[in-house]
Amino acid sequence: MNWPSQEVATKEEAVDALNSGMFDILIAALCMKPEGGRSIARTVQYIAPEVKVYLVTSWKGDFDFGVLKQDGIQDVFKVGIEFNDFKARVLS
């Protein structure tokens, strides 16, 4: 399959890409500068609540998934996740 993808560097670029209507998911770094993945997720939840947001991080700690869900985050992937595991979690 050939799915569209677009790499962006800022929250504003992500919003512009989402406004094109071509995307179903957004994957952001938890520590994306300058705003952070949670801030991006809250913005996406407001402008395009149908878009699923996933975060990627190298942080070793645990997450409060209740708080993350309130921000509109579906799941958090640790750096190094195998593609098949990533795919299974996104498609579930």
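Residues numbered from 1 in each chain as written. Predicted model: local features only at pLDDT ≥ 70, side-chain atom pairs only at ≥ 80, totals over all residues. Heavy atoms only, no water.

Draft legend 1. Broad picture of the nonpolar core. One finds L18, L26, V44, V51, L55, I73 and V76 to be the most contacted residues of the largest nonpolar core, which totals 19 residues. Looking at this core, the elements with two or more residues in it are α1 (11–19), β1 (25–29), α2 (37–47), β2 (52–57) and β3 (73–78). With residues near it in sequence (within four places) discarded, L55 still touches A28, L30, G37, R38, I73, D75, V76 and F77. (Core = buried A, V, L, I, M, F, W, Y, C linked by side-chain atoms within 4.5 Å. Buried < 20%, exposed > 50% of the residue type's maximum accessible area, 1.4 Å probe, protein only. Helix = DSSP H or I, 4+ residues; strand = E, 2+ residues; numbered from the N terminus. Contact = heavy atoms within 4.5 Å.)

Draft legend 2. Inspection of the side chain of D75 at higher detail. Position of D75 relative to the elements: it lies in strand β3. In this structure the side chain of D75 is engaged in a polar contact, spanning 2.9 Å, whose partner is the side chain of R89. Setting aside anything within four residues of it in sequence, one finds D75 in contact with V53, Y54, L55, F65 and R89. (Polar contact = N/O pair within 3.5 Å; in protein donor to acceptor, adjacent residues only side chain to side chain.)

Draft legend 3. Region of interest: the sheet that holds β2. Here we have 3 strands laid out as an open sheet, ordered β1-β2-β3, and parallel in their pairing. Of all strands in the sheet, those with a lone pairing partner are β1 and β3, marking the two edges. Geometrically, the sheet is characterised by an average inter-axis angle of 25 degrees between neighbouring strands, direction not taken into account. Pairing of β1 with β2 involves 5 bridges; the strand directions are parallel. Directly across from A28, in β2, lies its bridge partner L55. Lying over the sheet, helix α4 (residues 83–91) contacts β1, β2 and β3, oriented at roughly 170 degrees with respect to β3. (Pairing = 2+ DSSP bridges. Axes fitted to C-alpha atoms, helices over the stretch in contact; angles between N-to-C directions.)

Draft legend 4. Layout of the environment of S92. Along the polypeptide, S92 turns up in the segment after α4. Classification of S92 by relative accessible area gives exposed; the value is 72%. Between the alpha carbons of S92 and G37 there is a distance of 22 Å; along the sequence they are 55 residues apart. Within the local environment of S92, its side chain forms a polar contact with the backbone oxygen of R89, the two atoms lying 2.9 Å apart.

Draft legend 5. Geometry of the packing of aromatic side chains. Overall, the coordinates contain 4 aromatic pairs when judged by the stated rule. Among the aromatic residues, ring-to-ring pairing joins Y54, F77, F83 and F86 into one connected group. (Phe/Tyr/Trp six-rings, centres within 6.5 Å; stacked < 30°, edge-to-face > 60°.)

Draft legend 6. Seen up close, the layout of surface pockets. The calculated volume of the largest pocket comes to roughly 950 Å³. Surrounding the largest pocket, 27 residues form its lining, P4, F23, I25, L26 and I27 being those nearest its centre. Residue assignment for the lining of the largest pocket shows that the elements contributing at least two residues are α1, β1, β2 and α4. Looking at the lining of the largest pocket residue by residue, the class counts come to 21 nonpolar, 2 polar and 4 charged. (1 Å grid on protein atoms, 1.4 Å probe; cavity = no way out; pocket = protein on both sides within 12 Å on 5 of 7 lines; lining within 4 Å. Points joined across faces, edges and corners; volume = space filled by probe spheres on them. Nonpolar A, V, L, I, M, F, W, Y, C, P; charged D, E, K, R; others polar.)

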